[in-house]
Amino acid sequence: MSLRATIREHLLTIWAGDPWYGASSKKILEDVTAAEAAARPLAGAQTIWETTLHMTAWAEEASSRLSGNASKSPDRGDWPKVTDTSMSAWTAATDALRAARYALLEVLEKSHEEDLYVQVLKTDAASAEANRTRGETVSGLAEHDIHHLGQIAMLKKALRAKT
């Protein structure tokens, strides 16, 4: 299996499949309410909603880098602010996450295998992303999502233990 196909399958497993470590993103997020997403059960920690917006921002940035653009902070910002806590806004936030992921898969599908070995351009010499390839960037997004999905699962469990 090619690196491109391997990365694609890994992302799909994390997002909507049956990962070996537990629940997929789809399973973790599917029954979260807007009230739960906006709640802050742990002082100083991000909410489920904030984390979802953060994951969306970085999926979009990974797509940009895979497309050949230089590394930068996400256009939405690293931790976008939640401005509306209605159910329709929560649905829009999860739809945006799904759309960003589909867009990344589309860029990945259109890329050539050798593109994954090209280094991501840096915006400056001191960039933290120094010497990362496009493939490492997308693989890193998978690790990033798993990390934050674990946080979301714990926040969800904490919220539901209180009721």
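Scroll up for the structure.
Residues numbered from 1 in each chain as written. Predicted model: local features only at pLDDT ≥ 70, side-chain atom pairs only at ≥ 80, totals over all residues. Heavy atoms only, no water.

### Quick notes on the overall build of the protein
As a reminder, the rule being used: Helical segments are the DSSP runs of H or I of at least four residues, strand segments are the runs of E of at least two, and each set is numbered from the N terminus. The quantity called the radius of gyration is restricted to C-alpha atoms. Its globule counterpart is 2.2 Å times the number of residues to the power 0.38. Remark: exposure states derive from per-residue accessible area (1.4 Å probe, protein chains only) relative to the maximum for the residue type, with buried under 20%, exposed over 50%, and partly exposed in between. Contacts are residue-level and defined by heavy atoms, with any inter-residue pair within 4.5 Å sufficient. Residue exposure ignores everything except the shown protein chains as possible cover, and the areas themselves are Shrake-Rupley values with a 1.4 Å probe. Charged residues are defined here as Lys and Arg on the positive side and Asp and Glu on the negative side; His and the ends of the chain fall outside this count. Every charge is mapped to an atom, namely NZ of Lys, CZ of Arg, CG of Asp or CD of Glu.
Scanning the protein from terminus to terminus reveals six helices and zero strands. Going from N to C terminus, the protein has its helices and strands arranged as α-α-α-α-α-α. Since a compact globule built from 163 residues should have a radius of gyration of about 15 Å, the 16 Å found for the protein is in line with a globular shape. With the principal axes as the frame, the protein shows a C-alpha extent of 50 × 35 × 25 Å. Burial status across the protein gives 39% buried among its 163 residues. Put simply, of all contacts in the protein between residues at least 6 apart along the chain, 71% involve residues at least 24 apart. Just so you have it, the protein exposes about 8,800 Å², and 55% of that area is on carbon and sulfur atoms. A distance of 4 Å separates the average location of the 19 positive side-chain charges in the protein from that of its 22 negative side-chain charges.

### Comments concerning helix H5 (residues 87–110)
Note the cut-off: Multiplying 1.5 Å by the residue count of a helix minus one yields the expected span of that helix.
The end-to-end C-alpha distance of H5 is 35 Å, a good match for the 34 Å that 24 residues give at a rise of 1.5 Å each. Those residues of H5 lying buried are Ala89, Trp90, Ala93, Thr94, Leu97, Ala100, Arg101, Leu104, Leu105 and Leu108. Next to the buried residues of H5 lie helix H1 (3–16), helix H2 (25–29), helix H3 (34–38), helix H4 (48–66) and helix H6 (134–161).

### Regarding the packing of aromatic side chains
To be explicit about the condition: Side-chain rings of Phe, Tyr and Trp, where Trp is taken by its six-membered ring, are said to pair if the distance between their centres is within 6.5 Å; with planes under 30 degrees apart they count as stacked, over 60 as edge-to-face, and otherwise as tilted.
Under the definition given, this model contains two aromatic pairs. Relative to tyrosine 21, the ring of tryptophan 20 lies with its centre 5.8 Å away and its plane at 85°, an arrangement referred to as edge-to-face. Tryptophan 20 gets classed as exposed once you look at its relative accessible area, which sits at 81%. With a relative accessible area of 32%, tyrosine 21 lands in the partly exposed category.

### A word on the nonpolar core
As a reminder, the rule being used: Here the nonpolar core consists of buried residues drawn from Ala, Val, Leu, Ile, Met, Phe, Trp, Tyr and Cys, with membership extended through side-chain atoms lying within 4.5 Å.
The biggest cluster of nonpolar side chains holds 33 residues, and the ones touching the most others in it are Leu11, Ile48, Trp49, Trp90 and Leu104. For this core, the secondary-structure elements that each account for two or more residues are H1, H2, H3, H4, H5 and H6. Excluding anything up to four places from it in sequence, leucine 104 contacts Leu11, Trp15, Ala59, Ala62, Ser63, Leu66, Val138 and Leu141.

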